[in-house]
Amino acid sequence: MSKNLLIEIGVEELPALPLLKELPNIEKKWNEVLKNYKLESEFKFYYTPRRLVFFHQNFKEKQENSFVEFIGAPKNIAYKDGKLSNAGLSFLQKAGISEEELEFKELKGKEVLYYKKYIQGKTSQEILPLMIENFLKSLNFGKSMRWGAHTFEFIRAIRSIACLLDDEVLEFELYGVKSSNKTFIHRSISYDLLSFNNIQAYFQILEENYIILDPKKRKEKILNEFKALEQKHFINITQDDELLDEIIAITEYPSALLGNFDKNYLEIPKEVIITSMRENQRYFAVFKDEKLSNHFIVVSNSVCKDYTQIIEGNERVLRARLSDAMFFWKNDLKTGLNPDKLSHITYLENLGSMKDKCLREEYIAEILCQIYNNLNIKDIKTAIQYSKADLNSQMVYEFTNLQGIMGSYYAKAMGFNEAICLAIKEQYLPDGENSKLPSNEFSSIVSLANKLDTLLGLFSIGKLPSGSKDPYALRRAASGVLKIILNTKKDLDLDMLFSKISKNYKEFNIQILKDFIFERLYTFYEVNASFIKAVLSSKNTNIVYINNAIKALIKLSQKENFNENFSTFKRLANIASKPKYPLEKTLFTQEEEMKLYEAFLNTLNFNDIEEKLTSLFALKPFIDNFFDKVMINVDDEKIKNNRQALVYQIYNEFLKIADIKEVSL
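Rules behind the numbers
- Residues numbered from 1 in each chain as written.
- Predicted model: local features only at pLDDT ≥ 70, side-chain atom pairs only at ≥ 80, totals over all residues.
- Heavy atoms only, no water.
- Helix = DSSP H or I, 4+ residues; strand = E, 2+ residues; numbered from the N terminus.
- Buried < 20%, exposed > 50% of the residue type's maximum accessible area, 1.4 Å probe, protein only.
- Contact = heavy atoms within 4.5 Å.
- Lys, Arg positive; Asp, Glu negative; His and termini not counted.
- Charge placed at Lys NZ, Arg CZ, Asp CG, Glu CD.
- 1 Å grid on protein atoms, 1.4 Å probe; cavity = no way out; pocket = protein on both sides within 12 Å on 5 of 7 lines; lining within 4 Å.
- Points joined across faces, edges and corners; volume = space filled by probe spheres on them.
- Nonpolar A, V, L, I, M, F, W, Y, C, P; charged D, E, K, R; others polar.
- Pairing = 2+ DSSP bridges.
- Axes fitted to C-alpha atoms, helices over the stretch in contact; angles between N-to-C directions.
- Expected span 1.5 Å × (residues − 1).
- Parallel < 35°, antiparallel > 145°, perpendicular 65-115°, else oblique.
- Left-handed = near helix turned anticlockwise from the far one by under 90°.
- Phe/Tyr/Trp six-rings, centres within 6.5 Å; stacked < 30°, edge-to-face > 60°.
- Lys NZ or Arg CZ within 6 Å of the ring centre and 35° of its normal.
- Salt bridge = Lys/Arg side-chain N within 4 Å of Asp/Glu carboxyl O.
- Patch = residues over 30% accessible without salt bridge, like charges linked within 9 Å, V, L, I, M, F, W, Y side chains within 5 Å.
- Areas by Shrake-Rupley, 256 points an atom, 1.4 Å probe, with all protein chains shown as cover.

**Student:** Looking at this structure, I do not really get the overall build of the protein chain. What am I missing?
**Tutor:** Looking only at helices and strands, the protein chain features 25 helices and 18 strands. Oriented by its inertia axes, the alpha-carbon framework of the protein chain measures out at about 100 × 100 × 50 Å. A total of 665 residues make up the protein chain; the buried ones form 48% of that total. Sequence-distant contacts, at least 24 apart, represent 68% of the contacts inside the protein chain between residues at least 6 apart. Counting 90 positive and 91 negative side-chain charges, the protein chain places the centres of these two groups 2 Å from one another.

**Student:** Hey, could you run me through the side chain of Ser537 in this one?
**Tutor:** Tracing the backbone shows Ser537 in the loop between helix H19 (529-536) and helix H20 (543-557). Classification of Ser537 as buried rests on a relative accessible area of 19%. Excluding its chain neighbours within four sequence positions, the residues that come into contact with Ser537 are Leu655, Asp659 and Glu662.

**Student:** Is there a simple way to explain empty space enclosed by the protein in this structure?
**Tutor:** Think of a ball as big as a water molecule: rolled over the atoms, this probe shows where empty space is left. Throughout the structure, instances matching the rule amount to one cavity of 30 Å³ or more. When its volume is computed, the largest cavity comes out at roughly 40 Å³. In terms of lining residues, the largest cavity is bounded by Ala552, Lys555, Leu556, Lys559, Glu610, Leu613 and Thr614. Of all the elements in the fold, those that place two or more residues in the lining of the largest cavity are H20 and helix H23 (609-617). Tallied by class, the residues present in the lining of the largest cavity amount to three nonpolar, one polar and three charged.

**Student:** Before we go on, may I ask you to explain the sheet that holds strand S7 (residues 103-107) in this structure?
**Tutor:** For sheets, the rule is that strands pair by backbone hydrogen bonds, running either parallel or antiparallel. Ordered by their spatial adjacency, three strands build an open sheet running S4-S8-S7, and the pairing between neighbours is antiparallel. With partners counted over all chains shown, the strands left at the sheet margins are strand S4 (66-74) and S7, one partner each. For this sheet the average axis-to-axis angle between neighbouring strands, irrespective of direction, equals 40°. Taken together, the five bridges between S7 and strand S8 (residues 110-119) define a ladder with antiparallel strand orientation. By the bridge assignment for S8, Glu106 is matched with Glu111.

**Student:** Mind showing me how you'd approach helix H9 (residues 308-335) here?
**Tutor:** Side chains of residues three or four places apart in an α-helix project in the same direction, reflecting 3.6 residues per turn. The terminal C-alpha atoms of H9, which comprises 28 residues, lie 41 Å apart, in line with the 40 Å expected from a rise of 1.5 Å per residue. Buried residues of H9: Ile311, Gly313, Asn314, Glu315, Leu318, Leu322, Ala325, Met326, Phe328, Trp329 and Asp332, and no others. Next to the buried residues of H9 lie strand S16 (255-260), helix H8 (270-281), strand S18 (291-300), helix H12 (394-398) and helix H13 (405-413). Just downstream of H9 lies Gly336, where phi reads positive at about 75°.

**Student:** Looking at this model, I keep getting lost on the layout of surface pockets. Mind explaining?
**Tutor:** Of the pockets and cavities examined, the largest pocket occupies roughly 1,800 Å³. Taken together, 41 residues form the lining of the largest pocket, with Asn401, Ile405, Tyr428, Leu429 and Asp431 sitting closest to its centre. Those elements that provide at least two residues to the lining of the largest pocket are H8, helix H10 (354-372), helix H15 (441-460) and helix H16 (474-488). Broken down by element, the residue count for the lining of the largest pocket peaks at six residues, all from H8. A per-class count over the lining of the largest pocket returns 19 nonpolar, eight polar and 14 charged.

**Student:** Honestly, the packing of helix H17 (residues 494-501) against helix H18 (residues 510-519) in this entry has me stumped. Any pointers?
**Tutor:** Each pair of packed helices can be described by the angle between their axes along with the distance between the axes. Where H17 contacts H18, the axes come no closer than 11 Å and their chain directions differ by 135°. Here H17 is positioned oblique relative to H18, judged by the angle of their axes. The handedness of the crossing between H17 and H18 comes out as right-handed. On H18, the residues touching Leu494, Asp495 and Phe498 of H17 are Ile510, Leu513, Lys514, Ile517 and Phe518.

**Student:** What should I look at first to understand the pairing of strand S3 (residues 51-60) in this one?
**Tutor:** In regular strands, side chains alternate between the two faces of the sheet. Among the 10 residues in S3, seven count as buried, and that is most of the element. With eight bridges joining them, strand S1 (residues 2-11) and S3 adopt antiparallel strand pairing. Bridge pairing in S3 places Leu6 opposite Phe55. With five bridges connecting them, strand S2 (residues 44-48) and S3 associate as antiparallel partners. Considered in S3, the bridge of Tyr46 is made with Val53. Connecting S2 to the antiparallel partner S3 that follows it, the hairpin turn spans two residues.

**Student:** How do you make sense of the sheet that holds strand S9 (residues 158-165) when you look at a structure like this?
**Tutor:** Reading across the sheet, the five strands line up as S2-S3-S1-S9-S10 and stay open at both edges, with antiparallel pairing between neighbours. Two strands in the sheet have a free side with no partner beyond their single neighbour: S2 and strand S10 (168-169). Helix H1 (residues 16-36) rests against S1, S2 and S3 of the sheet, and its axis sits at about 145° to S2.

**Student:** Just to check I follow, could you spell out the packing of aromatic side chains for this structure?
**Tutor:** With the rule as written, the count across this model stands at 35 aromatic pairs. Here Tyr79 and Phe104 contribute two aromatic rings whose centre-to-centre distance is 6.3 Å and whose plane-to-plane angle is 45°, an arrangement assigned as tilted. Of this pair, Tyr79 sits in strand S5 (residues 79-80) while Phe104 is found in strand S7, placing the two residues 25 residues apart along the sequence. According to the relative accessible area criterion, Phe104 is partly exposed, its value standing at 31%. Note on Phe141 and Phe154: the rings are 5.9 Å apart at their centroids and 85° apart in plane angle, and the pair reads as edge-to-face. Of this pair, Phe141 sits in the loop between helix H4 (124-138) and S9 while Phe154 sits in the loop between H4 and S9; the two residues are 13 residues apart in sequence, bridging distant segments of the chain. By relative accessible area, which is 10% here, Phe141 ends up buried. The structure contains a cluster of three or more aromatic residues connected by ring pairs, namely Trp30, Phe43, Phe45, Tyr47, Phe54 and Phe135. The aromatic ring of Phe627 is capped on one face by Arg571, whose charged end is 4.2 Å from the ring centroid.

**Student:** How do you make sense of the environment of Gly432 when you look at a structure like this?
**Tutor:** With respect to the helices, strands and loops of the structure, Gly432 is situated in the loop between helix H14 (418-425) and H15. For the pair Gly432 and Ile158, spaced 274 residues apart in sequence, the C-alpha separation works out to 36 Å. Those residues within four positions of Gly432 in sequence are excluded, and the remaining contacts are Arg476 and Lys483.

**Student:** Is there a simple way to think about the pattern of salt bridges in this case?
**Tutor:** Working definition: two side chains of opposite charge can pair if their charged atoms are close together. What the rule picks out here adds up to 32 salt bridges. As a salt-bridge pair, Glu12 and Arg159 come within 2.6 Å of each other at their nearest N and O atoms. On the criterion of sequence distance, the pair formed by Glu12 in the loop between S1 and H1 and Arg159 in strand S9 is long-range, its members being 147 residues apart. The exposure class assigned to Glu12 is partly exposed, which follows from its relative accessible area of 27%. Look at Arg159 and you get partly exposed, because its relative accessible area is 40%. For the salt bridge of Lys137 with Glu133, the shortest nitrogen-to-oxygen distance reads 3.2 Å.

**Student:** Would you take a moment to explain a negative patch on the surface for this structure?
**Tutor:** A cluster of acidic residues, Glu99, Glu100, Glu101 and Glu103, forms a negative patch on the protein surface. Topologically, Glu101 is positioned in the loop between helix H3 (86-95) and S7.

**Student:** What is the right way to read unusual backbone geometry from this model?
**Tutor:** Comment: phi is negative for the bulk of residues other than glycine, and the bulk of peptide bonds are trans. Cis peptide bonds are those with omega within 30 degrees of zero, and the linkage from Leu429 to Pro430 qualifies with -5°. On the secondary structure map, Pro430 appears in the loop between H14 and H15. Phi is positive for Arg282, which is not a glycine, with a value near 60°. Relative to the elements of secondary structure, Arg282 occurs in the loop between H8 and strand S17 (284-288). Of the residues examined, Arg282 reaches a relative accessible area of 33% and is grouped as partly exposed. The residue Asn373 is not glycine, and still its phi comes out positive at about 55°. Positionally, Asn373 belongs in the loop between H10 and helix H11 (377-387).

This is the structure:
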């Protein structure tokens, strides 16, 4: 037998970001509870900022009856001198039985303590309160709070609990709240709990009182209203999925409204206006004719016939924000960028000031210009010299995430050329997993210098990431270094580079940093991780070469019969050992040796990695014949060594690309 089950946990407004962070785990955690209590069934999960809701349409009335087997120590250990030993007594306690109920069973030739216990399944009414409590305790939103005189904690105060099996209310108390058949409707309608008689009435009462329970439907409503506003006013609303998710999480009945601000504020850089609207007010920016418009979209959670006052209120708030931004903008333009002031800003203890950081970056950039054959060293050094100067601006003090962007605007106002201004703007790119890369080589060198100094500097003072903690975003910096180098397609050897630039840092084990950087490669490719490990084991530190080797190995692995053919080369790699003496062609005594050697010599004519690998794998029939017909470990020491040398030469040629010993299929 099964019934419909409704669970609603009513809370004070949940903060959007912690809710969204835990959201992917909520259904998993409820599923885990269902599994643990043997009441697994399909369900739908809904949420609004004031409720978490689970709805099952076929929820079991009770657990199935079951048996549990208890197996203990052998009989000769469980009994000593005719009495139960500690091991036997422990078994009785574990199984929850008396000695009279004790049984024995033969397992693997030994008679052991045994008991098969019948377990009567409990009814859903009995265990649902405990299930709900365990579920709520499993949720992790970050910080929790206490309320009233209670000692328990949750992200926000729990104000109501509804739990119905069909029309029957399950009565229990959790977190100081007694369960009932009541729920909160939209606050624009009432602040009081409203009763409902059954599950169907629950959904109906919410719908009638402006609660859109399904977040997908809230999203659909918002996007439909966006589209209507765009068509009516000939505008384009910024697509911002993160902001949209946040709006969905903080609204129960969203309504998209169009507001505007004075056109004079468009003098402020668009990034400032967009950031101010997004971060401070959760507004969506509006574009018209591909330019930022003096409009914005606010998504209201209110229910009313006339939204004029809500729009005007949001316009007043934004006007104050933009007025401050205009003040900062004009003052910063008067002041300009002054890199000398960076000497008064500490970068990190033991790494000096921000000016010191810029000087180190200039040195790195000079080395990079030599590697890249870039003749713009003077302009690149100028870009780096001014790159952090906007830290002293009022605008960056107010909007820290606009660092670099504002510097590019101020540099342009000071008359610097376009390349310098763009490099200042792009110095932190890429700044995320799906971020854009610097748009040209000039900017790439500036960004590389910034990231390399950060990595070398932090590693030199022991500020390495630990576990999931990475407060200085060094993993992101390392990934950025790799992405930029691969994007520029310029050969850059980390060994050579670090040997030239490490002198400006405290001495530390550079190999740890190189390993840290190369570890990021495991996230770059959707492939058997052992392929990447094999290429890295070749000890080549040229990043472009490593990338090409990984791609070549991946491509080769996609060919028919690769797994079967690979076994030959795995065998070769496993038996390869460095010979005492170099190979001598005159010591070949069998035809299979000579044929393998001559075929191997042909592989040396290829420089392209993919062609090289293909030619090496084409040696398979020659290697198979060699293994079938030739014995390596013969009594004649010279011939034995010579055959070892032949196998090792082939393996060593592979090793220049990848160590095939590390590949596991």
